[in-house]
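These are the residues of each chain, in order.
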Amino acid sequence: MSRIIEGMSFRSGFVSIVGRPNAGKSTLLNALLGQKLAIVTHKPQTTRTRIQGVLEIPLKKKTSADAGHPAAQVVLVDTPGIHKPDTQLDKRMMQEVHDALESRDVVLFIVDVTHRLPKADGPDGQAKTTGRMALSKAEDDFALQIIQRLKQVEGGCPVILLLNKIDAIAPSEIMPLIAHWSALYPFAEVIPISARKKINLDLLLEKVIGLLPEGQRYFPKHQLTDQPERFLVAELIREKILLLTGEEVPYATAVVIERYEEPPAELNAQGKAKKGGKAPLTKIAAAIFCERTGQKAILIGKQGSMLKEIGTVARKDIESLLGTRVFLELFVKVQEDWRSKPGFIEDLDWRRELELIAAKQAAEEDVDGSSKDAKR
Ligand SMILES: Nc1nc2c(ncn2[C@@H]2O[C@H](COP(=O)(O)OP(=O)(O)OP(=O)(O)O)[C@@H](O)[C@H]2O)c(=O)[nH]1
Ligand SMILES: [Mg+2]
């Protein structure tokens, strides 16, 4: 018995998922957690902040056929897609990627296998990779440059290459991809996966656990994420905007929760337990910020039809997230060129938002306190 426990002590660590926009990072996070924590769309640059998801993995005992693995807590960190920053918002997004690479034990570098590989240059030395393929190569190179910096990290940092979306290509196409990418970086492992179809994810987790240091939990056992529900709610609304609107609108939109009233705790517990009874109600008001009046008109739609649709689909998702009924009010506001305003972008960060809420509450308590004092 003691033999099994030997060398099987608890592992824990941060595992950052990085890669180009649309590679499937958020899909992978959700697939590994078995829950939707990050929003996913077919549009690039969906994720704007890093999102932590905590995964508990039980001990797998060694058998004659299987080496097994110790129990572990893996803190997965989804990040925005690596891209050359244009606006202040892009810069902020790239900062989130750098932050996720600062404090990590393992990095998962994920690429989309449906992108065509660059062609070898012709015998005359002329580049054969042109047009969209050349653009794609430039984006791969840029993402790799960021990974290259990890080589300078003291003690090194293992990088696992994930070839994602293998469900969408022929098996014969996988080998050339492995050869192409392995020549570009000394990856600790190369694993073809499908985040959507959940192919090879157990293998991935085994490899990750093998690379994690021994250590204690960073989060309590049943905590899924460090993010407050109100942020998840704002993200669900943003997801619907991304899915329902086109062109520039999704990128010029930000969602801020302005009111969030949860039902009283006892009522909430009762409501969930009571059959046939009306579930408790959460009241939410959210502002959708855009940059121009033209975008505002699109977001509202003819006689409010677009805003209504966004609200209806978002409310369904929010209700299943919270397990309560939801009353959702949406407002569209114009904040000219907000993507180039660092102060506004700072305030969008949920960590900053929590600070502001705490400061507001403290100020209100102060006012209450001083008015009581005045009465005395
Ligand atoms: N066929 C296939 N599609 C996938 C797979 N994984 C993700 N996708 C799709 O790829 C698109 C982008 O997925 P996301 O998870 O949002 O990608 P991301 O890397 O988080 O993108 P950003 O947040 O924009 O950087 C979505 O349409 C997904 O459904 C996969 O394994 N196979
Ligand atoms: Mg994402």
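Predicted model, so just to flag it, every value in this text is computed and none were measured. (Residues numbered from 1 in each chain as written. Chains lettered and ligands numbered in written order. Predicted model: local features only at pLDDT ≥ 70, side-chain atom pairs only at ≥ 80, totals over all residues.)

Asks: Can you walk me through the sheet that holds strand β2 (residues 51-57) in this structure?
Replies: The pairing of strands in a sheet happens through backbone hydrogen bonds and is either parallel or antiparallel. Spatially, β2-β3-β1-β4-β5-β6 is the arrangement adopted by the six strands of the open sheet, whose pairing is mixed. Strands with a single pairing partner mark the edges of an open sheet, and in this sheet they are β2 and β6 (189-192). Averaged over all adjacent pairs, the angle separating strand axes in this sheet is 25°, with direction ignored. Bridge count for β2 against strand β3 (residues 72-78) is seven bridges, and the pairing is antiparallel. Across the sheet, Glu-56 pairs through a bridge with Gln-73, a residue of β3. Helix-sheet contacts for helix α3 (residues 88-102) involve β1 (11-19), β3 and β4 (106-112), and the interaxial angle to β1 is about 150°. On the sheet, helix α6 (residues 201-211) packs against β1, β2, β3, β4, β5 (159-164) and β6 and is oriented at approximately 160° with respect to β6. (Pairing = 2+ DSSP bridges. Helix = DSSP H or I, 4+ residues; strand = E, 2+ residues; numbered from the N terminus. Axes fitted to C-alpha atoms, helices over the stretch in contact; angles between N-to-C directions. Contact = placed C-beta atoms within 7 Å.)

Asks: Explanation requested: the sheet that holds strand β7 (residues 254-261) in the structure shown.
Replies: Here three strands make up an open sheet; going across it, the order is β7-β8-β9 and the pairing mixed. Of all the strands in the sheet, just β7 and β9 (325-334) have a single pairing partner and so form its edges. Adjacent strand axes in the sheet meet at a mean angle of 20°, parallel and antiparallel pairs treated alike. Here β7 pairs with strand β8 (residues 281-290) via seven bridges, running antiparallel. Bridging across to β8, Val-256 finds its partner in Ala-287. Its contacts with the sheet place helix α7 (residues 229-244) against β7 and β8, and it is angled at close to 135° to β7. Sitting on the sheet, helix α10 (residues 305-322) touches β8 and β9, and the angle it makes with β9 is about 135°.

Asks: Looking at this structure, how should I read the pairing of β4?
Replies: Put simply, side chains in a regular strand alternate between the two faces of the sheet. Burial of β4 is extensive: six of the seven residues sit out of reach of the surface. Alignment of β4 against β5, held across six bridges, turns out to be parallel. The partner of Ile-110 across the bridge, within β5, is Leu-162. (Buried ≥ 20, exposed ≤ 12 C-beta atoms within 10 Å, placed from the backbone.)

Asks: What's the story with helix α4 (residues 131-148) in this structure? I'm lost.
Replies: Structurally, the α-helix is built with 3.6 residues per turn, so residues lying three or four positions apart point the same way. With 18 residues, α4 extends 26 Å between its outermost C-alpha atoms, agreeing within 8% with the 26 Å of an ideal straight helix rising 1.5 Å per residue. Looking at the buried residues of α4, the elements they touch are β1, β4 and β5. (Expected span 1.5 Å × (residues − 1).)

Asks: For this particular structure, what's the right way to read the domain arrangement of the protein chain?
Replies: Accessible area lost upon the coming together of the parts is a frequently used measure of interface size. One can read the domain layout of the protein chain as domain 1 (2-211) and domain 2 (229-340). One C-alpha centre belongs to domain 1, the other to domain 2, and the line joining them spans 31 Å. The partner domain 2 presents ten residues to the eight residues of domain 1 that form the contact. Along the lines of polarity and charge, the residues of the side of domain 1 that touches domain 2 split into two nonpolar, five polar and one charged. (Domains from an automatic or database assignment. Nonpolar A, V, L, I, M, F, W, Y, C, P; charged D, E, K, R; others polar.)

Asks: Can you walk me through the site of ligand 1 in this structure?
Replies: The full set close to ligand 1 counts 24 residues, and Gly-24, Ser-26, Thr-47, Gly-81 and Arg-196 are the nearest of them. Ranked by residue count, the leading element in the shell around ligand 1 is helix α2 (residues 25-33), at three residues. A breakdown of the residues in the shell around ligand 1 according to their chemical character gives seven nonpolar, twelve polar and five charged. (Near = placed C-beta within 6 Å.)

Asks: What is the right way to read the environment of Thr-87 from this model?
Replies: Relative to the helices and strands, Thr-87 is located in the loop between β3 and α3. What makes Thr-87 partly exposed here is the crowd of 16 C-beta atoms within 10 Å. As for Thr-87 and Arg-351, which are separated by 264 residues in sequence, their C-alpha atoms are 21 Å apart. When near neighbours in sequence (up to four residues on either side) are disregarded, Thr-87 contacts Arg-339 and Ser-340.

Asks: Help me out: how do you make sense of the confidence of the model for the protein chain in this one?
Replies: Any segment with low pLDDT has predicted coordinates that should not be analysed in fine detail. Of the residues in the protein chain, 91% reach a pLDDT of 70 or more, and the chain-wide mean stands at 90. Every residue in residues 1-6 is under pLDDT 50, and counting partners more than four places away or in other chains gives two contacts. Of the regions scoring below 50 in pLDDT, residues 371-376 engages in zero contacts with residues more than four places distant in sequence or in other chains. (pLDDT = per-residue confidence, 0-100.)

Asks: In this structure, what is going on with the environment of Lys-207? I would like to understand it.
Replies: Structurally, Lys-207 can be placed in helix α6. For Lys-207, a count of 18 C-beta atoms within 10 Å translates into the label partly exposed. Taking the C-alpha atoms as reference points, Lys-207 and His-69, 138 residues apart in sequence, are found 9.5 Å from one another. Excluding residues within four positions of it along the chain, Lys-207 makes contact with Ile-160, Glu-189 and Ile-191.

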